[in-house]
Amino acid sequence: MNQSFIIGQYVPKESPVHALDARTKLIIVFFYVLVTFSAETLSSYLILFLFAACGAIVSRVHPLFIVKGLRPIWFIIILTFILHLFIQRQGEVLFTVFGYAIYDQAVIQAAIISSRLFLLILMTTLLTLTTTPISITDAVETLLKPLKSLKLPIHELALMMSISLRFIPTLIEETDKISKAQASRGIDFQTGRWRDRLKAIFALLIPLFISAFKRAEDLAMAMEARGYRGDYGRTKFRELKFTSLDLIVFLLFIIIVIGFFYFNG
Amino acid sequence: MEIVFENVDFTYQPNSPFSHQALKNISLRIKHGDYAAFIGHTGSGKSTLLQHLNGILRPTSGTVRIGDFELTTKKNNAIKSLRRKVGVVFQYPEHQLFEETVERDILFGPKNFGMDMEEAKHKLPVILEEVGLPTDVLQRSPFELSGGQMRRVAIAGVLITDPNVLILDEPTAGLDPRGRKQIMSLIDSLHKKKRMTIILVTHHMEDVLRHANQAFVLSEGELVMQGEPVEVFQEEERLQDIGLGIPEELQLINQLQQALGLPITYHHQSPSELGKDIAQALHAGGNR
Amino acid sequence: MIEFNKVSYSYDKNRGNAVDELSLFIEQNEWIALIGHNGSGKSTVAKLMNGLLLPTEGNVSVSGLPLSEDTYWDIRKKVGMVFQNPENQFVGTTVMDDVAFGLENLGFPREEMVKRVASALKEVDMYAFKDQAPNRLSGGQKQRVAIAGILAIMPEVIIFDEASTMLDPNGKKELLETIKGLRKIKKMTIVYITHDLSEAAYADRIIVMNEGKQWMSGKPREVFQYRDELSEIGLEIPLISSIYSGMNKHGVKLEKEPLHMKELVDQLWKLSSKM
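Each value, and the rule that gives it
Residues numbered from 1 in each chain as written. Chains lettered and ligands numbered in written order. Predicted model: local features only at pLDDT ≥ 70, side-chain atom pairs only at ≥ 80, totals over all residues. Heavy atoms only, no water. Helix = DSSP H or I, 4+ residues; strand = E, 2+ residues; numbered from the N terminus. Rg over C-alpha atoms; globule rule 2.2 N^0.38 Å. Buried < 20%, exposed > 50% of the residue type's maximum accessible area, 1.4 Å probe, protein only. Contact = heavy atoms within 4.5 Å. Lys, Arg positive; Asp, Glu negative; His and termini not counted. Charge placed at Lys NZ, Arg CZ, Asp CG, Glu CD. UniProt positions renumbered as here; feature names shortened; annotations may be inferred. Core = buried A, V, L, I, M, F, W, Y, C linked by side-chain atoms within 4.5 Å. Pairing = 2+ DSSP bridges. Axes fitted to C-alpha atoms, helices over the stretch in contact; angles between N-to-C directions. Buried area = accessible area lost by both parts, 1.4 Å probe. Salt bridge = Lys/Arg side-chain N within 4 Å of Asp/Glu carboxyl O. Polar contact = N/O pair within 3.5 Å; in protein donor to acceptor, adjacent residues only side chain to side chain. Nonpolar A, V, L, I, M, F, W, Y, C, P; charged D, E, K, R; others polar. Domains from an automatic or database assignment. Parallel < 35°, antiparallel > 145°, perpendicular 65-115°, else oblique. Left-handed = near helix turned anticlockwise from the far one by under 90°.

J.: A description of the overall build of chain A should follow, citing residues and the corresponding values.
T.: In terms of regular secondary structure, chain A is built from nine helices and two strands. The C-alpha atoms of chain A give a radius of gyration of 24 Å, which is well past the 18 Å a tight globule of 265 residues would have. Its C-alpha atoms give chain A principal-axis dimensions of about 70 × 55 × 40 Å. By residue count, 41% of the 265 residues in chain A fall in the buried class. A fraction of 72% describes how many contacts in chain A between residues 6 or more apart in sequence connect residues 24 or more apart. Averaging the locations of the 27 positively and 19 negatively charged side chains of chain A gives two centres separated by 4 Å.

As structure tokens, then:
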């Protein structure tokens, strides 16, 4: 009954953005974020916004999904805007609200900061909407590979991530089942004194942990039976493919960045 | 307590792209003291229906009446007293155990329902005997017990609140033949001795035939057949159409009637008695 | 193929042996049903067959290779295992990824993996589901994917460790049909662990376990004649065998002990036409 739950918020579609190598998308998002933090002029913001908007359009993801993805942080963006509006006290007074002076510099600053936030979220949302969580995991693993020589457990971390992704729906279903069973035994998760509610949470969490450990044990045994011995002599089935499309997008991004710094002064 | 469903619909996540109607216009009646069995394969709506019996879910439209309780789309504050009267043993109930000792886990329900704890404690030995556990398990951790024993602890935790209706969702799943037999005869004795209304969900058609007096068949959210198990199982073809089988002994009787014209009927005889009937029918046929 | 020579295994020294001086021999291409009630030691036997456990005493060997700490990685290439809980052995995020998991561990080159994953999925008739996530599959389908994951490695033996216990009747049927289908197209040794004797009826030979020991071994028809003895150790012969034993007591003798309904009806038909 939890089929409606979609991990991350990946929306399967056939689009050039979906088709891009996850590494390409990760790297671009990374540098996009860096560049955004140094943006200062209106035109440089415009360039960044155009890039993200083009990406969103080409991805063929319904705009509603993007709006939905942004929903939880609208509040933060607006709050940031208002805070900056009142805190900044430089430049000329534009007008007064309830006896409080609003300065022109404050408006500019507030606009800059909240646009920054908006762009960052827009870009990362676009990444998760168009890339399966498992591809992101794969990309992280390959990109971090050089760190293996520093004895960092990159393979293990990536495996952990992918197994977590695999078991999220299972554990959600399990939580649902156990909470129903305990509710049938008279537990009330919503009302009551805080002590009772704490007890209610234990009645849910303990069985959930026990079952998760049991699953982990089973899974470890199944993996061992199938010859898993860590990174040792292992090859990979999933492959990330760097195509000419990725190259073109990279070049495009470099041009955008050059244009950005030109207009950023 | 009589259970009545009147035109019950249930839809998961209504008004969303994921909306899914799990129950369609269900009307049924289970009399007090009945042993009712629900059959249907995974996804037929059985679990959804069960969850209406103790108010875990409320109908999207229609009414469910359990004794004096009425469940409709509106919120009902008496839900807790309903849950005390309608005990539910979920599938793999051993997964719900969490207390440090068996005793505390069994007493978890009574505590939540605000029952007299001294009285509940007094009942412990009786309940344990009913489910077939020795009293010395009380102070042990439930997690030291075997899977079969854990399941009995979970059942004891439901029985101790003295429900009038007991719902069991595949109570024998994963058990070996001996464990299965023990659980089924435990349910039988609760039904006969304590006059509890039993509602059983199972994939074992043999159990339905042997134990239940009412069978309800669900398919794709609809109640497609109901009646006494023997009657319901007479419609072998209809059941096959929705992916269900009939008990093996009835299959055999049908085939022998068709292929050999043997006049054998099912009257709750044991397998070896059925063998005897077949032998006698054969001899009678041979002498004719 | 698989040989146990006085093998004992104990999980906890204070609680006696889970497997007790067990000796057995399984032929190549044999389909063995290993039966016993819960706690009879049958699953421990399974884990001793692929080195998930190493014997406390005695020797295990698989196609001539003795099991030890040095050889169990090689033995696991020969012996694949399908476990009880379909959910907890599904490692990959999609069907294809899961089938590839074993191949990845053994270091197969990617092109070879792609080929083997596709053909293994076709063998269990799950190719159409190759991109599905596990939470969209039924229990029976997950077990078929688990079988594909093992077939891809091309082992000599597949052990089914109570692989049907958590499945519904349709899932059980699906699993048995898949095994029967595979046996028709390729040679392999099968060890099928269950407490359901009607499933054991499909095997070439049944080994009955009780209290860590081999209690009996024989063809299904032979074993099913010991109805009362089996029920004493917590097992139940298939319904058809029970019915036949009732007929038998009342003077109906058939040529052979019927294993399935069809065998019973066919033989009765023959018998009555002679009457």
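J.: Go over the side chain of Lys142 of chain C with me, naming the residues and quoting the values.
T.: Looking at where Lys142 of chain C falls in the secondary structure, it is placed in helix 5 (residues 139-151). With sequence-adjacent residues up to four places away left out, Lys142 of chain C is seen in contact with Pro86, Glu87, Phe90, Pro134 and Leu137 of chain C.

J.: Help me get a handle on the UniProt feature "transmembrane region" (unreviewed entry) in chain A, residues and values and all.
T.: All names here are of chain A. Taken from the UniProt record, the annotation "transmembrane region" (unreviewed entry) applies to residues 26-58, 70-87, 107-129, 198-216 and 244-263. As a span, residues 70-87 carries 100% helix and 0% strand, and end to end its C-alpha atoms are 25 Å apart. Helix and strand shares over residues 198-216 are 100% and 0% respectively, and the end C-alpha atoms of the span are 26 Å apart.

J.: How would you sum up the nonpolar core? Please name residues and give values.
T.: In this structure, Leu166, Phe233, Leu252, Leu256 and Ile278 of chain B together with Leu268 of chain C are the most contacted members of the largest nonpolar core, which totals 73 residues. Top element by residues in this core is helix 6 (residues 147-159) of chain B. It accounts for seven residues. Discounting residues that sit within four places of it in the chain, Ile278 of chain B has contacts with Leu252, Leu256, Leu262 and Ile264 of chain B together with Ile243, Met247 and Leu268 of chain C. Membership of the second largest hydrophobic core comes to 51 residues, among which are Val82, Leu121, Ile153 and Ala203 of chain C.

J.: Would you mind going over the sheet that holds strand 7 (residues 165-169) of chain B in detail, with residue names and values included?
T.: Residues and elements named next belong to chain B. Here we have six strands laid out as an open sheet, ordered 6-7-8-3-9-10, and mixed in their pairing. Sheet topology places strand 6 (86-89) and strand 10 (222-227) at the edges, where each strand pairs with a single neighbour. Here the strands of the sheet are splayed against their neighbours by 15 degrees on average, with no regard to which way each runs. Across four bridges, strand 3 (residues 35-39) lies against strand 8 (residues 197-201) in parallel orientation. For Phe38, the partnering residue across the bridge sits in strand 8 and is Val201. Contacts between helix 7 (residues 177-193) and the sheet are confined to strand 3, strand 7 and strand 8, with strand 8 contributing the most and set at about 150 degrees to the helix.

J.: Which residues make up the interface of chain C and chain B, and what are the values?
T.: Facing 32 residues of chain C, the contacting portion of chain B comprises 30 residues. Roughly 2700 Å² of surface becomes buried between chain C and chain B when both sides are summed, with 68% attributable to carbon and sulfur atoms. Remark: the boundary between chain C and chain B carries one salt bridge. Put simply, chain C and chain B have six residue pairs in polar contact (both at pLDDT 80 or more) between them. By residue number, the principal contributor to the side of chain C that touches chain B is helix 11 (residues 261-274) of chain C, which donates seven residues. Residue composition of the side of chain C that touches chain B, by class: 16 nonpolar, twelve polar and four charged.

J.: Talk me through the domain arrangement of chain B; I want residue IDs and the actual numbers.
T.: All names here are of chain B. Structurally, chain B comprises domain 1 (3-246) and domain 2 (247-288). Centre-to-centre, using C-alpha coordinates, domain 1 lies 34 Å away from domain 2. Approximately 810 Å² of surface area, both sides summed, lies buried where domain 1 meets domain 2, with 60% of it carried by carbon and sulfur atoms. Interface area lost by domain 1 to domain 2 is led by Leu209, Arg210 and Ile246, which between them contribute 60%. Viewed at the interface, domain 2 and domain 1 are joined by one salt bridge. We note a salt bridge from Glu249 to Arg210, for which the minimum N-O separation is 3.5 Å. In this structure, the connection of domain 1 to domain 2 is made through five residue pairs in polar contact (both at pLDDT 80 or more).

J.: Give a description of the packing of helix 11 (residues 248-260) of chain B against helix 11 of chain C that names residues and reports values.
T.: Where helix 11 of chain B contacts helix 11 of chain C, the two axes come as close as 11 Å, and the packing angle between them is 30 degrees. Taken together, the axis directions place helix 11 of chain B and helix 11 of chain C in an arrangement best described as roughly parallel. As for how helix 11 of chain B packs across helix 11 of chain C, the hand of that crossing is right-handed. Residues Glu248, Gln251, Leu252, Gln255, Leu256, Ala259 and Leu260 of chain B of helix 11 of chain B lie in contact with helix 11 of chain C, whose contacting residues are Met261, Leu264, Val265, Leu268, Trp269 and Ser272 of chain C. Of the residues in the contact of helix 11 of chain B with helix 11 of chain C, the class split is nine nonpolar, three polar and one charged.

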